[in-house]
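Residues per chain, in single letters:
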Amino acid sequence: MIKHIITCLLTIICLQVGAQVQVSSKLDTVDYKNPQTYTLAGLSVSGTQFLDKDILIILSGLKLGEDISIPGEKITKAVNSLWKQGLFGDIQISVEKIIENKIFLELYLQERPRLSKFAFNKSLKKGDVDNINDKIKQYKSKIITAGIRSRIDNIITEYYIDKGYWDVKIKSDEMIDTSAQNSVILKLLVNQGKKIKIAKINFTGNSQVSTSKLKKTFKDTKEVSYYNIFRTSKFMEETYEKDKQKLEGKYRELGYRNARIISDSVYKVSNNRINIDVNLNEGNRFYFREISFKGNTIHSDSLLHKLIGIKKGDIFNETILEQRMTMDPGGRDLSSLYMDDGYLFFQANPIELNIENDSIDIEIRITEGAQAIVNKITITGNDKTNDHVILREMRTRPGQKFSRTDIQRTIRELSQLGYFDPEKIGVNPVPNPQDGTVDINYSVTERSNDQVELSGGWGANRVVGSLGLTLNNFSARKFIHPSAWRPIPSGDGQRLSLRAQSNGIWFQSYNASFTEPWFGGKKPNSLSVSVFKSIQNTNGLPSKDPNRQGLNITGVTLGMGKRLKWPDDYFSLMHSANFQQYNAQNFGINHFFQNGVSNNFNIKETLSRSSIDQPIYPRSGSMFTLSLAFTPPYSLINGKDYTDLTSAQRYKIIEYHKWRFDGNWFTKLDKAGKLVLNTKIQFGFLGTYNSKVGEIPFGRFYLGGSGINNFQLDDRELLALRGYKDNAITPVAANQSSPIGGAAFQKYVVELRYPLSLNPSATIWLQTFVEAGNNFRKVKDFDPFNNFRAAGVGVRVFLPMFGLLGLDWGYGFDNVPWSPGANKGNIAISIGQQF
């Protein structure tokens, strides 16, 4: 009886922080009334499933070989130390055995339950639940403690505060999870309350800058307004602090260098509205007086003054001064002047020499340093593309003087390849001041740009299937090496395209092309070869049947391209020789030529200039293309009278000259470079040498709709004009409703683009557009001011495996006389980049 009483007293002593601790012995030799000292000879741990037993022994503070008293202080400390971990619901220490003066203890620890899953009230939106789960998922499988529950509550509260809900209330409760051992479900009841929005932003103390202008500097802190649909009016502390800095920065740009926010306050005016009061001290406006230079020996003061472009009496603007020294977007700054000439170690520091009343004298102290020579060029991150493909695009080379412009141009050229993520191309110059050299490392991130086409569709009561493969980084030299097929030989920057399309006996098309961009390997002279074959059978009869209606086209193209250095090195020139043979049999789709064989041999010259920064989502630069395709003037040299010839005789050998001009401009409209204005203009003319030959039956222009919805491959050019039905803006023959194509066209487009994602695995942007165009049967009818107009919105999605996909809704404003109802609202689907 006395032994049991002593055991209970010892238990009460060890329960100092609420743990249930039991010290018991299976031996009668332990006298709990008189503490005895023993040597700790053994310590075992039981009851745990997931925790390391050796770590638990260390946490207890008990050490083998030390002397302990039973009962005693060390036992109490061991219990307290383990209890503070917050991991256990029960702690028991018992005597396992005693041999002479050696004692063996057993430490029994019952782990607290682990968090298995979360349960939310059903009133929460699914999107919010998914987002919250993503933020707190790291706590699953952890032992549930008060600290973890508090952190989860804080994460959820911060999530809703960022969404504009200030009065978030959370109740949490633990439920036993019967599906898992020693686990609980944390039930979270979240009441988000009402969304808090900004009712008014009040400014006081501003006499020089209007309140409306100050509100515009608050980019992410806006008043609630019915017309403010693109910007949120919720209050976020972090963005509000940044906006206050922008406000003071705006004052400095206007010359008020001492302007400060004296005080500000945010307070509720109703359950879901707040006001913001900002009290300002504008101070005086300051002006530049004298700007001088010190330390410049390479360039004269007059040249530096010209680059700085700041005159005496100009408003004092530190941002403009800094931009003219180091960060001018056009590259006309002091830093570019020196660094493009190799002066990598150049420094320029503006010093305020004198401030008198409202005028400031500035001295720009220049350290020119020595010219740096490029030592080593290294590339990292190209796991697929071979080094030589990248190195041949470099504008920085070992032995040359360092040039910042050359680095920027190299980045642009690497982006144009299409093999790398343009958002992740990095440059790291490593200067070596000891020997006056610099090592440059370019880091790239590979992205897939090969495309696979496997599709099927239903049209005209027939199934149409397509199978295509485009390899944009192919390697022909590795083709015969089995080890290089991973899964295809790649890395040399060549392009191979194979495609087949068919809906059975009614339509078949096959084409293949190959391009080597550096033919010979030493200069950027491209070689391209392509062949194609198309078979159209409009009534499905065999080719030998005299009643068959169809058109077969066979073609081959050989092209040679060259990059030019004049007028600048953005220009390129392409020469190509092309041959097409058209074999028509009762082909009623083109009333010019219905029976016979027609041959078309032409030479095409294409002069182009492209300075866009990247191929998928360009944000700056321009693209221009001027092309001329022409045949020999057979009718002027063969002596034939074309007046009485049949169409088969007249068009046995086609003659024409065809002109195309396409221009694109890309302009950034915001500092982040996301909002982009794209302006386009296009013209086309199909002319003849001899009016007696008549109109050209092939290669005519068809305008309207998506520009892709047509399987009648008579070498026509399909041109999009959104807001109208396919081919609606195309001339028709007299007393006929089917379009026959035009000999001249114009098109004008203005697009405003904004990206939703610039991820290389899925580049997505929205766009709104206005466009206009027209198509004329004869060149003499061409009128650039007579247009069909449209406007609309759309989305573009670039997927590396499938290319660029587009969906637009457009509204045509003008009626088409020969096609009633072709305007109004129309949806257009596009495939591929359409510049």
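Above this text you will find the structure in question.
Here is a short report on the structure shown in this document. (Residues numbered from 1 in each chain as written. Predicted model: local features only at pLDDT ≥ 70, side-chain atom pairs only at ≥ 80, totals over all residues. Heavy atoms only, no water.)

**Some remarks on the sheet that holds strand S9 (residues 260-270)**
Thinking step 1. Pairing within the open sheet is mixed, and its three strands lie in the order S8-S10-S9. Two strands lie at the open edges of the sheet, namely strand S8 (197-204) and S9, each paired on one side alone. Adjacent strand axes in the sheet meet at a mean angle of 15° when their direction is disregarded.
Thinking step 2. Relative to strand S10 (residues 273-281), S8 runs parallel, the two sharing seven bridges. (Pairing = 2+ DSSP bridges. Helix = DSSP H or I, 4+ residues; strand = E, 2+ residues; numbered from the N terminus. Axes fitted to C-alpha atoms, helices over the stretch in contact; angles between N-to-C directions.)

**Focus on the side chain of serine 183**
Thinking step 1. Tracing the sequence through the fold places serine 183 in strand S7 (residues 183-191).
Thinking step 2. You can call serine 183 buried: its relative accessible area is 12%.
Thinking step 3. Dropping the residues within four chain positions of it, serine 183 is found in contact with Pro113, Arg114, Ser116, Met175, Ile176 and Asp177. (Buried < 20%, exposed > 50% of the residue type's maximum accessible area, 1.4 Å probe, protein only. Contact = heavy atoms within 4.5 Å.)

**Topic: the packing of aromatic side chains**
How two aromatic rings sit relative to each other is given by the distance of their centres and the angle of their planes.
Thinking step 1. On inspection of all chains with the given rule, the structure shows 28 aromatic pairs.
Thinking step 2. Judged by centre distance (3.9 Å) and plane angle (10°), the ring pair of tyrosine 582 and phenylalanine 698 falls under stacked. You can see tyrosine 582 sitting in strand S23 (residues 571-585) and its partner phenylalanine 698 sitting in the loop between strand S27 (676-687) and strand S28 (701-703), a full 116 residues away along the chain.
Thinking step 3. Assessed through its relative accessible area of 4%, phenylalanine 698 is described here as buried.
Thinking step 4. Here the aromatic residues Trp166, Phe203, Phe218, Phe235 and Tyr240 are joined through ring pairs into a cluster of three or more.
Thinking step 5. The cationic tip of arginine 409 hangs over the ring face of tyrosine 570; the distance from NZ or CZ to the ring centre is 3.8 Å.
Thinking step 6. When the ring centre of tyrosine 702 is taken as reference, the NZ or CZ atom of arginine 716 above it lies at 3.9 Å. (Phe/Tyr/Trp six-rings, centres within 6.5 Å; stacked < 30°, edge-to-face > 60°. Lys NZ or Arg CZ within 6 Å of the ring centre and 35° of its normal.)

**Re the pairing of S23**
On a regular strand, each side chain points to the face opposite its neighbour's, so the side chains alternate between the two faces of the sheet.
Thinking step 1. Examined bridge by bridge, strand S22 (residues 550-563) and S23 share 14 bridges and lie antiparallel to one another. Opposite lysine 562, over in S23, you have leucine 573 as the bridge partner.
Thinking step 2. Pairing analysis gives 14 bridges linking S23 to strand S24 (residues 596-610), with the strands arranged antiparallel. Bridged to tyrosine 582 within S24 is serine 598.

**Things to note about helix H7 (residues 237-253)**
Thinking step 1. If you check H7, its first and last C-alpha atoms are 25 Å apart, about what 17 residues at 1.5 Å a residue would give, namely 24 Å.
Thinking step 2. Among the residues making up H7, those that are buried are Thr239, Tyr240, Asp243, Lys244, Leu247, Gly249 and Tyr251.
Thinking step 3. Among the residues trailing H7, glycine 255 stands out with phi positive, at a value near 95°. (Expected span 1.5 Å × (residues − 1).)

**Details of unusual backbone geometry**
Thinking step 1. Following arginine 486, the chain continues into proline 487 via a peptide bond in cis, with omega recorded as -5°.
Thinking step 2. Along the chain, proline 487 turns up in the loop between strand S18 (462-474) and strand S19 (494-502).
Thinking step 3. Here the bond from tryptophan 566 into proline 567 is cis, since omega is 0°, no more than 30 degrees from zero.
Thinking step 4. Along the chain, proline 567 falls in the loop between S22 and S23.
Thinking step 5. You will see that asparagine 357, though not glycine, has its phi angle at about 55°, which is positive.
Thinking step 6. Tracing the backbone through its elements, the reader meets asparagine 357 in the loop between strand S12 (347-356) and strand S13 (359-367).

**Thoughts on the packing of helix H2 (residues 53-60) against helix H3 (residues 73-83)**
Thinking step 1. Contact pair H2 / H3: the axes reach a minimum separation of 8 Å and the direction vectors enclose 120°. As summarised for this structure, H2 and H3 are arranged oblique, according to the angle between their axes. In contact with Leu56, Leu59 and Ser60 of H2, H3 contributes Lys77, Ala78, Ser81 and Leu82.
Thinking step 2. In terms of residue class, the contact of H2 with H3 is built from four nonpolar, two polar and one charged. (Parallel < 35°, antiparallel > 145°, perpendicular 65-115°, else oblique. Nonpolar A, V, L, I, M, F, W, Y, C, P; charged D, E, K, R; others polar.)

**Some remarks on a positive patch on the surface**
Thinking step 1. A cluster of basic residues, Lys213, Lys216, Lys219 and Lys671, forms a positive patch on the protein surface.
Thinking step 2. Relative to the elements of secondary structure, lysine 216 occurs in helix H6 (residues 211-217). (Patch = residues over 30% accessible without salt bridge, like charges linked within 9 Å, V, L, I, M, F, W, Y side chains within 5 Å. Areas by Shrake-Rupley, 256 points an atom, 1.4 Å probe, with all protein chains shown as cover. Salt bridge = Lys/Arg side-chain N within 4 Å of Asp/Glu carboxyl O. Lys, Arg positive; Asp, Glu negative; His and termini not counted. Charge placed at Lys NZ, Arg CZ, Asp CG, Glu CD.)

**Notes on the nonpolar core**
Thinking step 1. One finds Tyr724 and Ile729 to be the most contacted residues of the largest nonpolar core, which totals 27 residues.
Thinking step 2. Elements with a contribution of two residues or more to this core: S22, S23, S28 and strand S32 (788-799). (Core = buried A, V, L, I, M, F, W, Y, C linked by side-chain atoms within 4.5 Å.)

**Quick notes on the pairing of strand S31 (residues 762-776)**
Thinking step 1. Where strand S30 (residues 744-759) lies against S31, 15 bridges are found, and the strand directions are antiparallel. From the neighbouring strand, alanine 744 faces S31, where its bridge partner is phenylalanine 776.
Thinking step 2. The loop that links S30 with its antiparallel partner S31 comprises two residues.
Thinking step 3. Sheet analysis places S31 next to S32, joined by 11 bridges and oriented antiparallel.

The values reported here are purely geometric and, on their own, carry no functional implication.
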